[in-house]
Amino acid sequence: MIEELDNQVATLRELARQKDKVDARKNSGSPSPAAAMGRAPSERKVPHTMAITSGKGGVGKTLVTVNLAINYARQGLKVLLIDADLGLANIDVVLGVTPSNTIEDVLSGELTLDEVAVEGPMGITILPAASGVAELSNLTEEQKLSLMDHIDHWHADFDVVLVDTGAGISPNVRFFVLAVERIMIVVTPDPASITDAYALMKVMFMNHRVSHFDLVVNQVSSEQEAKDVYRTLSQVADKYLNIGMNFAGSIPEDPLLVKSVRQQRPVADLYPDAPASQAFIALSKRVMRMWQQKRHDDGRMIFFWRRLLNEMPKDGQPKDDQETTKE
Ligand SMILES: Nc1ncnc2c1ncn2[C@@H]1O[C@H](COP(=O)(O)OP(=O)(O)OP(=O)(O)O)[C@@H](O)[C@H]1O
Ligand SMILES: [Mg+2]
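J.: Teacher, can you tell me more about the overall build of the protein chain here?
T.: Tallying secondary structure elements over the protein chain gives 14 helices and eight strands in all. Residue burial in the protein chain is summarised as follows: out of 327 residues, 53% are buried. When contacts within the protein chain are restricted to residue pairs at least 6 apart in sequence, long-range pairs at least 24 apart make up 79% of them. When the accessible surface of the protein chain is split by element, carbon and sulfur atoms take 51% of a total near 14100 Å².

What follows is the structure, encoded as structure tokens:
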């Protein structure tokens, strides 16, 4: 499976090189996409990217993703929410939006990413990407080039890109998780959730040398409980895997959050004073500080397939993941 991914990466890297050459030729005569949007190429935005994942299902990934998105959108940031979750309780359900197309339609050449994306509350853009990505290995060279072209023209419009993943480590999830700047693991105080989070980090470390994670402890009864979960997990992670873990925050168990899910509206909108809403504000601030303090891209364009294609050295491991980073 991993060899297969490495082969894909090698082929795609070569395609990216070819595409860059073609672009350079094209751009010598016509304005670049950045110039067309009134920006010099050096002014391209580099979005902050994060995947929200977990070992065990049903621990609050989608709620964390959606509420972070709402908070950033409120600050005037342009947010892209990628729904890579194949589970049932997806972003569209939580936000009450109904996408009629998927990223598969982009891969088949029928639609552009813009046409597939749907607009959620506060102008958030939602990309229903759950299907299609797993088929990357089946794409023709032409489709791959076309997809890269779409992404290149599109991603620079966003300030923040959040990826809601399914639980565990399916090929899709791995694909997204390896392409983003930071990986957030959601756990609850439930021992099964903690054990599964550890197992997920272990797989990511052993197979992909990912050595840094941000932890959110959800459904806690107190901040102390969250800190205890963090301490337990970070101690074993450090001792047995040499993984660095960062405490990103906690969200209390909150009946108003459950009520908001039933109404398919973000809790931050319906009940801004709810304890969970306040916790999401604090979490969004902390995550933004983490992004700003440590850019893993050194100012280069990183995002998604592009990063996976360009930044993978020959051994198949992303450069950033080769350092053991601890904060
Ligand atoms: N802080 C909380 N307080 C109360 N209930 C919560 C909280 N967080 C999550 N829940 C409950 O857990 C349910 C699952 O949350 P969510 O859909 O975000 O989990 P998930 O990790 O995305 O699940 P899946 O793995 O199926 O994608 C919510 O619908 C809600 O009922
Ligand atoms: Mg979910």
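J.: Could you clarify how one ought to interpret the packing of helix H9 (residues 191-208) against helix H10 (residues 223-241) in this entry?
T.: For any two helices packed against each other, the geometry is given by the interaxial angle and the distance between the axes. Between H9 and H10, the least distance of the axes is 11 Å, while the angle of their chain directions is 30°. Taken together, the axis directions place H9 and H10 in an arrangement best described as roughly parallel. In the packing of H9 onto H10, the handedness of the crossing is right-handed. Counted together, Ile194, Ala197, Tyr198, Met201, Lys202, Phe205 and Met206 of H9 and Val229, Leu233, Val236, Ala237, Tyr240 and Leu241 of H10 form the full contact between these two elements.

J.: Can you help me understand the pairing of strand S7 (residues 212-220) in this one?
T.: Put simply, side chains in a regular strand alternate between the two faces of the sheet. Across the nine residues of S7, eight count as buried, placing the element largely inside the fold. The pairing of strand S6 (residues 182-187) with S7 spans four bridges and is parallel. Paired with Ile185 across the two strands is Leu215, which belongs to S7. Once you follow S7 into H10 and on to strand S8 (residues 244-252), the crossover reads as right-handed.

J.: Help me understand the packing of aromatic side chains, please; the structure alone is not making it clear to me.
T.: Describing an aromatic ring pair means giving the distance of the ring centres and the angle of the ring planes. Applying the stated rule across the entire model yields two aromatic pairs. Consider the rings of Tyr72 and Trp291, whose centres lie 5.7 Å apart with planes at 50°: the pair is tilted. In this pair, Tyr72 sits in helix H3 (residues 61-74) while Trp291 sits in helix H13 (residues 275-293), placing the two residues 219 residues apart along the sequence. Of the two residues, Tyr72 and Trp291, neither departs from the other in class, the shared state being buried. On the numbers, 5.4 Å between centres and 55° between planes, the contact of Tyr230 with Phe247 is tilted.

J.: Explanation requested: the pattern of salt bridges in the structure shown.
T.: Per the counting criterion, the structure on display carries five salt bridges. Between Arg74 and Asp269 there is a salt bridge, with its nearest N and O atoms 3.3 Å apart. Taken as a pair, Arg74 in helix H3 and Asp269 in helix H12 (residues 267-270) lie far apart in primary sequence, 195 residues in all. Among the residues examined, Arg74 registers a relative accessible area of 39% and is labelled partly exposed. Ionic pairing is found between Arg182 and Asp214, a salt bridge with its closest N-O pair at 2.7 Å. Taken together, the positions of Arg182 in strand S6 and Asp214 in strand S7 put the pair 32 residues apart, joining distant regions of the chain. Residues Arg182 and Asp214 agree in their burial class; the two are buried.

J.: So what exactly am I meant to see when it comes to H13 here?
T.: The periodicity of an α-helix, 3.6 residues per turn, causes residues three or four places apart in sequence to face the same way. The terminal C-alpha atoms of H13, which comprises 19 residues, lie 27 Å apart, in line with the 27 Å expected from a rise of 1.5 Å per residue. Along H13, the residues that are buried comprise Ala276, Ser277, Ala279, Phe280, Leu283, Ser284, Val287, Met288, Met290 and Trp291.

J.: I keep staring at unusual backbone geometry and nothing clicks. Help me out?
T.: Only a minority of non-glycine residues have a phi that is not negative, and only a minority of peptide bonds are not trans. In the Ramachandran plot, Arg209 falls in the positive-phi region, its phi being about 60° despite a non-glycine side chain. By the element assignment, Arg209 lies in the loop between H9 and S7. Arg209 sits in the partly exposed class, given a relative accessible area of 37%. Despite not being glycine, Gln264 shows a phi value in the positive range, around 55°. Mapped onto the fold, Gln264 is located in the loop between helix H11 (255-262) and H12. Assessed through its relative accessible area of 37%, Gln264 is described here as partly exposed.

J.: I keep staring at H9 and nothing clicks. Help me out?
T.: Between its first and last C-alpha atoms H9 spans 25 Å; for 18 residues at 1.5 Å apiece the expected length is 26 Å, and the two agree. Listed in full, the buried residues belonging to H9 are Ser193, Ile194, Ala197, Tyr198, Leu200, Met201, Met204, Phe205 and His208. Taken down its axis, H9 places every buried residue within 160° of arc, on the same side. Residues Pro191 and Thr195 are exposed on H9 and point more than 90 degrees away from its buried face. Once H9 finishes, Arg209 follows within two positions and takes phi at roughly 60°, a positive value.

Reading the values: rules and limits
- Residues numbered from 1 in each chain as written.
- Chains lettered and ligands numbered in written order.
- Predicted model: local features only at pLDDT ≥ 70, side-chain atom pairs only at ≥ 80, totals over all residues.
- Heavy atoms only, no water.
- Helix = DSSP H or I, 4+ residues; strand = E, 2+ residues; numbered from the N terminus.
- Buried < 20%, exposed > 50% of the residue type's maximum accessible area, 1.4 Å probe, protein only.
- Contact = heavy atoms within 4.5 Å.
- Areas by Shrake-Rupley, 256 points an atom, 1.4 Å probe, with all protein chains shown as cover.
- Axes fitted to C-alpha atoms, helices over the stretch in contact; angles between N-to-C directions.
- Parallel < 35°, antiparallel > 145°, perpendicular 65-115°, else oblique.
- Left-handed = near helix turned anticlockwise from the far one by under 90°.
- Pairing = 2+ DSSP bridges.
- Right-handed = clockwise from strand over helix to strand, strands pointing away.
- Phe/Tyr/Trp six-rings, centres within 6.5 Å; stacked < 30°, edge-to-face > 60°.
- Salt bridge = Lys/Arg side-chain N within 4 Å of Asp/Glu carboxyl O.
- Expected span 1.5 Å × (residues − 1).
- Arc of directions from axis to C-beta.

So yeah, pure geometry; function would need other evidence.
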